[in-house]
Amino acid sequence: MSRPSQPKLTADHNGVSVIQSQAHASSSSSLPAAIAGLQQVPQLVPADPSSAGGKALPPSKMKKPPADKDSEEYRQRRERNNLAVKKSRMRSKQKAMDTQQRVNELKEENERLEAKIKLLSKELSVLKDLFLEHAHNLADNVQPPAGAEGSSPAPNSSSTNGQ
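This structure is a prediction, so every number in the text was calculated from the model and none was measured. (Residues numbered from 1 in each chain as written. Predicted model: local features only at pLDDT ≥ 70, side-chain atom pairs only at ≥ 80, totals over all residues. Heavy atoms only, no water.)

Participant: Would you mind going over the pattern of salt bridges in detail, with residue names and values included?
Facilitator: Under the counting rule described, the total for this entry stands at 3 salt bridges. One salt bridge in this structure joins Arg75 and Glu72, with 2.3 Å as the shortest N-O distance. Taken as a pair, Arg75 and Glu72 lie in helix α2 (residues 72-140) at a separation of 3 residues, close to a single helical turn. Looking at Glu72, the relative accessible area reads 43%, which means it is partly exposed. Each of Glu72, Arg75 and Glu79 takes part in one network of salt bridges that share partners. (Salt bridge = Lys/Arg side-chain N within 4 Å of Asp/Glu carboxyl O. Helix = DSSP H or I, 4+ residues; strand = E, 2+ residues; numbered from the N terminus. Buried < 20%, exposed > 50% of the residue type's maximum accessible area, 1.4 Å probe, protein only.)

As C-alpha cells, then:
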C-alpha cells in the first residue's frame, strides 16, 4: 500500500514558495517509475497568499508612493485631472442640453400632430354627415319596383292622367 504524500514547503531566492510532494510507494506497488516521477514535480505557488491567481495588477491598480504635493509631477497630474474633469462636465452639460432640445422638438411635433388629428376628425365628421344626408335623400327619392305597386301608396293620380 502507498502512503499519502506529505507536501514540503520551501522558499527560493526570489521569494516564491515551492511545494514539493514526494510519492511514497511501497516495493509491492506495480506503478511504473515514470508515473512515480511525475508525482515528484515541484509546484510553484506565490509566497504572498494575498496575490490571488498569480495575476499581475494593472498599473492603475498598483499602489504608488504618494507624490509630494509640491513636486512637479504631482502638479502636472492634478492639472491633467482638472482638465479631464472640466471636459467631462462640459460633455455632460452638452448632452443634457441636446436632450432638452430634442424633448422640445418632440413636444412641438406632438402638438402639431394633435392639431392635425383634430382638424381631420372635424373633416371626417362633416363628410360623414354629408354622406348620411345624401344617402337619406336618395332613399326618399327611390321609385318603388314595378311588381310591388299594391304595397306602396299610389302617386298623385292627376299627374298621371294628364288632365
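Participant: Could you give an account of a nonpolar patch on the surface, with specific residues and numbers?
Facilitator: A cluster of nonpolar side chains, Val126, Leu127 and Leu130, forms an exposed patch at the surface whose accessible area comes to about 280 Å². Here Val126 lies in helix α2. (Patch = residues over 30% accessible without salt bridge, like charges linked within 9 Å, V, L, I, M, F, W, Y side chains within 5 Å. Areas by Shrake-Rupley, 256 points an atom, 1.4 Å probe, with all protein chains shown as cover.)

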